[in-house]
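# Analysis of the macromolecular model
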Amino acid sequence: MRHVISLLIENESGALSRVSGLFSARGYNIESLTVAPTEDASMSRMTIVTSGSDDIIEQITKQLNKLVEVIKVVDISESAHIERELMITKVRATGKDRDEMKRMADIFRARVIDVTDTSYVIELTGNQSKLDAFIDAIEPALILEIVRSGVCGIGRGDRILKV
Amino acid sequence: MVLTGAEIVIRCLQEEKVEYVFGYPGGAVLFIYDALFNQDKVRHVLVRHEQAAVHAADGFARSTETVGVALVTSGPGATNAITGIATAYCDSIPMVIISGQVPTAAIGQDAFQEVDTVGITRPCVKHNYLVKDVRDIATTIKKAFYLAKTGRPGPVLVDIPKDVSMHKCEFEYPKEVSMRSYNPVLKGHQGQIRKAVQLLLEAKRPMIYTGGGVVLSDAAEQLTKLTRLLGFPITNTLMGLGGYPASDRQYLGMPGMHGTYEANMAMHYSDVLLAIGARFDDRVIGDPANFAEEPRKIIHVDIDPSSISKRVRVDVPIVGDVKEVLEEMIRQIEASSARPDVETVGTWWKQVDEWRRRECMKFKNSDEIIKPQFVIQKLWEVTGGDAFITSDVGQHQMWASQYYRFDKPRRWLNSGGLGTMGVGLPYAMGAQLAHLGSQVACVTGEASIQMNIQELSTCKQFRLPIKIVNLNNRYLGMVRQWQQLFHGERYSESYMDSLPDFAKLAESYGHVGFRIEKPADVEGALREAFGRKNDLVFLDFQIDQTENVYPMVQGGKGLTEMILSAEDL
C-alpha cells in the first residue's frame, strides 16, 4: 500500500541523511522525498511517499519518531488529504508540434513559462497521476527534459501538523 | 569564567561526575588531553586500542548505573571505536564518546586523519553531534549525557574539531536540558496496565519473559516482587540474566537458541505471555511464524515503541519505563483482592515441572578431559556466585550464561546484540575499575581473547586483578559446532593453529599464568587464582575439543524443535 508520511524535523545539518539513512538501513522503500524549511526556519517539513504492508508502515512511523531530531510524524494518507507535485517539462516545439504542445498544456491547465524558437518549458502542478497522464499524452520524442519535485501533502480540514 | 573548548570538555565531564574516561590520545585531541593533565577529578585509563576504550567504558556502564565515557582522536581513532560503539548501541548501553576532528577549516579537504565521523557513526549511535562553535560545547555535552541515559539508552557521539577545542568562551554548565523533539514516555498508560493485570490474573498458563530492559531500568527488585506476587514461572534472556534470581524456584533458565527446554516450552505453550524490556529477538523465539502458531495473549512492556509489534503482534502494548510500569502493576494488584487461581496455575506448574524433569542442562562429565560446563560450575562455586562475569562471543559465552547462576543484575556483561568477539577483557577492565575489590572474571576462548589481548598491558598499568578463564578448545567452537551440524563436518577455517603459550604470554606482560589440563586441577587452579587478590591470573583451560552447546534450536526453526543433547542428532 502506498502511504504519504509528513514529518517535522529540526532544521539541523545532517537531518536529511538521518531520515534517508533510516530507510536504506532498514530496507524501506522511498518513492519520493521532499524537504524544505517551514515558516519557522528552525524546522523543516518532509513529505515521504513510501509503500509497504501495515506492519512495515507502523514500523516506519515508529522508527521515524525515534530519531532524536524528529518532532512529529503523521501518516497523512490515513484520511482525507491533498497531494501536489510540481513538474517542469522542456519539450520540442517546432512546426505543427508547437501548437499541439500549447493545446496540450491548456488541456492540463499547465503553463508555458519559457519560450524559444524551438522549445517550451511547461509547468504543471497536480497529483502524481495527473503528471503521469500528461507525460503519457505527449509524444515521447518531443520530451527534451523532465524534472519532478516529488510529492507535497497536507491533511484536509482540521487535521493540522504543527508544533 | 573564560575557558578553552578543551577545558570546557573536561569541566563538563566533572559536572557529570564522570570518574573514568577510557581513551587514547592523538593529534586532534591534544588540547583535550592537555586539559585532562591539569586536573585530577576525571581519571583517564590509557588503553592499547581504541576499540577496547569504548568496550571498557561500555563495561563500566553495564556494571554500574552510570554513563560510560570514551575519548578518541580523529580518523583511525574514530574508526577503531566503531565496533565498540555499535556493540553498545545493539545492547542499549548509555555512553558518551568524544572524538577529535580535524580543524573546521580542514573538514572536507581530505586532511590528515580526517574521516566523516558523524556520517560513519550515524547508523550505530542513538544520536551524534559535530560541534562547530566553542560556545556550543557545554550544551551539546549536556544533551549527550541526557540522551544517552534517558528513554531507551544508547551511545551518543560528540565530534569536536581541534580549533574548537582551542578557542575560548565563557563557561557555564546548563542545569537542565529540554528538547522539543525528544520526550520519552516514562509512565505507562493506566488503562493498558489495568488490561494487562486483568489478563494476568485470569491466565491459565502464564509466563513472564524479561530482557535487558529490566537491568537497564534497574527494576530487578520490582520484577522479583511482581513475579512472587503472581507466582508465575519466569525466564530471563541473555541480556536480562540477573533480572530475577536464577537460584529461585520460579526461574526456568534462559530462553532461546541455547535456552532451557522448560523455558522454551513454557514460552511456546503459554496462554498469557508478559514480555518486559525484551524484544522477541531471532535468537530468543526463533521463527516468528512458528511462534505465532500457538495462540496466546501477549503483553509487552517497553520504553521503545518501535520494539513493540516488530517481530510478533502484541495484544496489550505498554510503552513506558519498565520500573515505573512494574510499580504500577504491583500497586494495582495489591490494591485489589483478586489473585491468580492457585489450582489453575498449579496445574500449569505441574506441566512446567514435567518439562524440567528432562534435565536439559545435564552433561556428561569426565575424569580424563576438562568439560567447559564443569569449569563454569566450579567458577560459580569458587566465587560464591557473586562475581562480575564478562564473556566474549561463542560457545564459552553460552556455557557461562547457562551454568553461572546470576542472582543479581549487572553481574553478567556480554555482547548480546552485535555478538562482538573481543569484548570480554575490556568489559572486565571497566567492571573491575567500577568495583575495585570485587571478583571479576572474564570467561573467554582462545580465539576471542586474541581479539583484544593487547589490553593485558593496560591491566598491568592499572593493576587490574582480573581472572581470565580461557576455555581453550583450539577451535572457533561455535563455528565448528555449526559446521558439524549443518555443513557436513567440513571444518572450514575454524581451527586455531600456532597458538601462543597463554600462561607465558600473560607472564611476559607481568601477570600470572596457569595452564590446566586435568579435570582434577580445575577447582584448585580457580581457588588459587581468586586467592591472588592483587594479580591478574590467566587460566588457560585445555578443554574437550568436540564439546557442543546444548540445548539448541536451529536458526529459523521453532522453539519446540530443540536438540537437547548429542544423542538427539
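Please read all numbers here as calculations on a predicted model, not as lab measurements. (Residues numbered from 1 in each chain as written. Chains lettered and ligands numbered in written order. Predicted model: local features only at pLDDT ≥ 70, side-chain atom pairs only at ≥ 80, totals over all residues.)

### A closer look at the overall build of chain B
Heads up, the rule is: Only DSSP runs of H or I reaching four residues or more are called helices, and only runs of E reaching two or more are called strands; each is numbered from the N terminus. As a reference, a globule follows 2.2 Å times the number of residues to the power 0.38, and the radius of gyration itself is taken over C-alpha atoms. Exposure classification rests on a simple neighbour count of other C-beta atoms within 10 Å of a residue's own: a residue reaching 20 or more is buried, one at 12 or fewer is exposed, and one in between is partly exposed. C-beta atoms are placed from the backbone.
Within chain B, the secondary structure is distributed over 22 helices and 21 strands. Since a compact globule built from 569 residues should have a radius of gyration of about 25 Å, the 24 Å found for chain B is in line with a globular shape. Principal axes of the C-alpha set define a box for chain B whose edges measure 70 × 60 × 40 Å. Across the 569 residues that make up chain B, the buried fraction comes to 56%.

### Here we look at the overall build of chain A
Convention followed: We call two residues in contact whenever the C-beta atoms placed from their backbones are within 7 Å.
Tallying secondary structure elements over chain A gives four helices and eight strands in all. In sequence order, the secondary structure elements of chain A are arranged as β-α-β-β-α-β-β-α-β-β-α-β. Here the C-alpha coordinates of chain A stretch approximately 55 × 35 × 35 Å along the principal axes. Looking at the 163 residues of chain A, the share that counts as buried comes to 26%. Partitioning the intrachain contacts of chain A with sequence separation of at least 6 by distance along the chain shows that 73% fall at a separation of at least 24.

### Topic: the interface of chain A and chain B
As a reminder, the rule being used: Classification convention: Asp, Glu, Lys, Arg as charged; Ala, Val, Leu, Ile, Met, Phe, Trp, Tyr, Cys, Pro as nonpolar; all other residues, Gly among them, as polar.
Between chain A and chain B, the contact holds 16 residues from the first and 14 residues from the second. Those elements that provide at least two residues to the side of chain A that touches chain B are helix H1 (15-25), helix H2 (54-66) and strand S4 (70-75) of chain A. Top element by residues in the side of chain A that touches chain B is H2 of chain A. It accounts for five residues. Across the side of chain A that touches chain B, the residue classes tally to five nonpolar, five polar and six charged.

### Some words on unusual backbone geometry
All names here are of chain B. Of the consecutive residues Tyr 550 and Pro 551, the connecting peptide bond is found in the cis state with omega at -5°. Residue placement: Pro 551 occurs in the loop between strand S19 (537-542) and strand S20 (552-553). At Asp 218, a residue that is not glycine, the phi angle is positive and equals roughly 50°. Looking at the secondary structure, you find Asp 218 in the loop between helix H9 (212-216) and helix H10 (220-230). With phi around 50°, Phe 280 is a residue other than glycine that occupies positive phi space. Residue position: Phe 280 is located in the loop between strand S11 (272-276) and helix H12 (282-285).

### Re the environment of Arg 156 of chain A
For Arg 156 of chain A, the position within the fold is in the segment after strand S8 (143-155). Excluding residues within four positions of it along the chain, Arg 156 of chain A makes contact with Ala 80, His 81 and Ile 82 of chain A.

### Structural notes on the packing of helix H16 (residues 372-382) of chain B against helix H17 (residues 395-403) of chain B
Residues and elements named next belong to chain B. To keep it simple, the criterion reads: To obtain an axis, a line is fitted to C-alpha atoms, over the contacting stretch when the element is a helix, and the angle between two such axes runs from 0 to 180 degrees between their N-to-C directions. Put simply, angles under 35 degrees are roughly parallel, angles over 145 are roughly antiparallel, angles from 65 to 115 are roughly perpendicular, and the rest are oblique. Two helices that cross are described as forming a left-handed crossing if the nearer one is turned anticlockwise from the farther one by less than a right angle, and a right-handed crossing if clockwise.
Running from amino to carboxyl end, H16 crosses H17 at an angle of 45°, the nearest separation of the two axes being 9 Å. The angle between H16 and H17 places the two elements in the oblique class. Crossing hand, H16 versus H17: right-handed. Judged by residue contacts, Pro 372, Gln 373, Ile 376, Gln 377 and Trp 380 of H16 engage His 396, Trp 399, Ala 400 and Tyr 403 from H17. Here the residues of the contact of H16 with H17 are counted per class, giving six nonpolar, three polar and no charged.

### Focus: helix H22 (residues 522-531) of chain B
All names here are of chain B. Condition: The arc in question is formed by the directions pointing from the helix axis toward the C-beta atoms.
Listed as buried for H22 are Val 522, Ala 525, Leu 526 and Ala 529. The buried residues of H22 all sit within an arc of 100° when viewed along its axis, so they share a single face. Seen from the open side of H22, the exposed residues pointing more than 90 degrees away from its buried face are Arg 527 and Gly 531.

### Some thoughts on the sheet that holds strand S13 (residues 316-319) of chain B
Residues and elements named next belong to chain B. To keep it simple, the criterion reads: Note: two strands are recorded as paired if DSSP finds a minimum of 2 bridges between them.
Strands sit in the order S10-S9-S11-S12-S13 across an open sheet of five strands; the sheet is parallel. The open sheet is flanked by strand S10 (234-236) and S13, the only strands paired with a single partner. Direction aside, the axes of adjacent strands within the sheet are offset by 15° on average. Note that strand S9 (residues 206-210) and S11 share five bridges and pair parallel. Considered in S11, the bridge of Tyr 209 is made with Ala 275. Each of S9, S11, strand S12 (297-302) and S13 is contacted by helix H8 (residues 190-202), which is oriented at about 135° to S13, the strand it contacts most.

### Here's the deal with the UniProt feature "domain: Thiamine pyrophosphate enzyme TPP-binding" (unreviewed entry) in chain B
Selection rule: UniProt positions are given in the numbering used here, feature names are shortened, and annotations may be inferred rather than shown by experiment.
When the UniProt feature table is mapped onto this chain, "domain: Thiamine pyrophosphate enzyme TPP-binding" (unreviewed entry) is found at residues 392-540 of chain B. This span, residues 392-540 of chain B, is 36% helix and 15% strand, and a straight line between its end C-alpha atoms measures 15 Å.

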